[in-house]
Amino acid sequence: MPSFSLNDNGDRGIKDSGSQVTFVEEDWAKSMQFEVVDPNYSLVVNGINSSKPLATVVYKVKLNDDYFTAIAMKSINLKLVLPGISEVAHVFKDKGYVLADKTLHMSGDKVEDIKLLLGNDNSHLVPQKDVLFGGSSEVIPSVYLESPLGVMLVGDIERYKQNLALLPDRIKHSSEVCAKGEGPLEVGSNLDMDGLFLDSVEEFKFPACANISVLNKGQIVEAELERAAEEILSSKAESVSYSDSNVYDENFTEENRKVVEFALENTVRDSDGRLIMPLLWNGKVAHLLGKNQNLSKAILKSNFKKFSKKDNTFQMIDEVFKEQEQLGIIERVTNLEQFLEENPQHSFLPHMPVFKMDRESTKCRNVFLSNLCESDKDKPLTLSHNQTIFAGPCLNKKISTSILQLRFNEKLLCFDIKKAFLMIKLVPSDQSRLLFYWYRNVCKKDYSLIVYKHCRLPFGLPCSPTLLMLALYKILMLDVQGDNIDVKELKTELYNLAYMDNLAYTTNDIDRLKWAYEKLDSIFSPYKLELQQFITNDDSLQQQVDKDKEKTPTKVKLLGLL
């Protein structure tokens with residue numbers, strides 16, 4: 001039976017669906033000074049073979065902020081000996097779950113001191129929701145109960161132990177989170193956020209797009225692999241565009257409102273000032289994420305055969321990873337076996353390069369294939385990163401709307417954020433689910449495998465566009481404490497004219513435009529964001545920009561469109 005704490009003294013209540021009415025221990029009710037509402041109550045307790053009449057009283061009992069009636073008994077003779085329950089409770093607590101029974105993890109495998117037995121007449125006070133987790137071809141899944149008081153444990157303890165490795169992590173609220181990023185914060189390992197549970201969504205619906213199968217009898221199907229990469233690139237381009245179809249969908253609005261609240265409430269800054277944001281895992285299915293280890297190796301092997309003999313292409317891939325490692329965007333996992341053991345929820349991301357040699361800047365991009373996953377014999381169902389992460393709402397305007405808004409003033413300054421996605425830091429638990437393989441030393445032809453983890457937000461995850469827009473919202477709209485009215489107005493204008501990582505400012509006053517340009521660094525640099533590709537329609541300011549920044553023009557000539 002699910003137990004819960006009544007106070008900090010170890011007194012417990014139990015919810016008993018087999019009892020028609022609620023009972024309270026009389027001495028405890030007196031010590032709590034509960035009001036007597038019926039001093040002469042006749043009760044008949046029916047057992048299996050006999051019935052027993054009792055004369056007792058009825059109390060008005062308070063649980064949290066709710067009042068209800070309970071029949072007094074001299075004692076509630078329940079003492080449950082449950083070997084292993086403390087160990088199970090410890091794991092739940094360590095994974096960030098708030099237990100309804102606050103001392104269950106240190107109970108010595110006993111549930112006793114029952115002061116309240118909550119029957120069916122008051123079951124509405126502690127509504128419960130079954131949550132399934134774990135399960136494999138050899139182990140039956142386990143269930144825990146979500147309630148307003150916290151998580152309640154029910155079911156077979158040994159089965160719990162077998163399924164605990166597949167229990168998703170939950171949010172661990174901390175003083176750092178409550179601070180909501182007011183000033184630089186040193187964030188430790190206690191800030192692990194690995195699941196958003198949307199109670200308003202009755203039944204989770206998987207994304208309409210199915211995973212692409214790129215393996216056939218252990219061999220990579222090149223055409224399907226190319227299709228997977230093209231889908232990632234096209235879907236991410238579509239995800240930053242405006243979608244009219246969801247504007248008036250109430251369920252969509254409510255679901256995405258909670259996604260946005262979750263992301264913003266759990267966004268903090270590290271000691272350097274960089275934003276740390278949680279990925280938007282769907283807590284109901286995140287534990288079904290595929291490991292993808294063998295699939296990642298197979299795709300890497302296929303890429304090696306395809307690109308290693310072509311002039312400079314393989315070196316271009318390697319240079320991208322080297323630069324990212326140097327910048328702290330990715331980090332090498334030194335002891336893989338130990339890392340995987342310490343992070344049982346780990347997952348690998350397959351990747352392949354996309355070359356666009358005609359571009360001035362990024363000629364090689366490593367695309368991470370979040371739409372792929374491999375089957376797992378130990379899981380009846382495995383899902384891809386795309387299927388286990390909420391994409392979040394589209395927070396971008398139509399590009400035509402953004403351009404039209406630039407036309408209202410005479411003077412215009414445009415710029416963008418350098419490697420914008422990669423400047424957002426991830427919490428440690430999210431990093432362990434974004435592992436990938438590469439080679440130890442391509443220059444020296446040492447092709448032994450090594451593993452990296454993503455420390456920052458990669459382009460290609462379904463939630464990346466939403467998180468970037470929310471990062472800008474925090475920087476420009478929320479973090480305005482201490483700003484004077486002019487800076488607040490500048491930040492608001494920048495946010496209103498933003499299109500993903502492209503920003504702009506317009507005015508009719510050239511002095512105001514120059515002032516805005518000089519303020520930009522103080523707005524973005526505290527968050528470790530570097531600005532680039534400045535362009536303006538004022539010649540004197542453009543000369544200053546070119547001299548100060550030595551920047552190249554933007555790829556999209558917005559001024560030409562105006």
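Note that this is a predicted model, so its numbers are computed, not measured.

Caption draft 1: Layout of the packing of aromatic side chains. In total, this model carries 27 aromatic pairs according to the counting rule given. The interplanar angle of 65° and the centroid separation of 5.5 Å between the aromatic rings of Y473 and Y495 together place this pair among those described as edge-to-face. With Y473 in helix 13 (residues 464–478) and Y495 in helix 14 (residues 485–496), this residue pair connects regions lying 22 residues apart in the sequence. An aromatic cluster is built from F304, F314, F321, F368, F436, W438, Y439, Y447 and Y452, whose rings are joined through pairwise contacts. A cation over an aromatic ring shows up here: K60 above the ring of Y67, its NZ or CZ 5.1 Å from the ring centre. The ring of F459 is capped by R365, whose NZ or CZ atom sits 4.6 Å from the centre of that ring.

Caption draft 2: Structural context of the nonpolar core. Counting residues in hydrophobic clusters, the biggest one holds 79 residues, and the most contacted among them are L279, L280, W438, L494 and F524. Counting residues per element, this core draws most heavily on helix 13, which supplies eight residues. Discounting chain neighbours no more than four positions away, the residues touching L494 are F415, L476, L503, A504, Y505, L520, I523 and F524. Counting 25 residues, the second-largest nonpolar core is a separate cluster that includes F23, I71, F92 and V131.

Caption draft 3: Focus on the confidence of the model for the protein chain. Counting all residues, the mean pLDDT for the protein chain is 81, and 83% of those residues have values of 70 or more. In this model residues 199–210 is a low-confidence stretch, pLDDT under 50, and it forms 19 contacts with partners more than four residues away in sequence or in other chains. Confidence drops under pLDDT 50 across residues 236–251; counting only partners more than four residues distant or on other chains, this segment forms 24 contacts.

Caption draft 4: Structural context of the pattern of salt bridges. Taken as a whole and assessed by the stated rule, the structure comprises 18 salt bridges. Residues D101 and R12 are paired through a salt bridge, measuring 2.6 Å at the closest nitrogen-oxygen approach. Taken together, the positions of D101 in the loop between helix 2 (85–94) and strand 8 (110–111) and R12 in strand 2 (residues 12–15) put the pair 89 residues apart, joining distant regions of the chain. Classification of D101 as buried rests on a relative accessible area of 1%. The buried category is assigned to R12, whose relative accessible area is 5%. Among the charged side chains, a salt-bridge network with shared partners connects E26, K30 and K74.

Caption draft 5: Main features of the environment of H287. Here H287 is to be found in the loop between strand 16 (275–277) and helix 7 (293–307). A relative accessible area of 6% places H287 in the buried class. Each C-alpha atom of the pair H287 and T388 lies 8.4 Å from the other, and the pair is 101 residues apart in sequence.

Each value, and the rule that gives it
Residues numbered from 1 in each chain as written. Predicted model: local features only at pLDDT ≥ 70, side-chain atom pairs only at ≥ 80, totals over all residues. Heavy atoms only, no water. Phe/Tyr/Trp six-rings, centres within 6.5 Å; stacked < 30°, edge-to-face > 60°. Helix = DSSP H or I, 4+ residues; strand = E, 2+ residues; numbered from the N terminus. Lys NZ or Arg CZ within 6 Å of the ring centre and 35° of its normal. Core = buried A, V, L, I, M, F, W, Y, C linked by side-chain atoms within 4.5 Å. Buried < 20%, exposed > 50% of the residue type's maximum accessible area, 1.4 Å probe, protein only. Contact = heavy atoms within 4.5 Å. pLDDT = per-residue confidence, 0-100. Salt bridge = Lys/Arg side-chain N within 4 Å of Asp/Glu carboxyl O.

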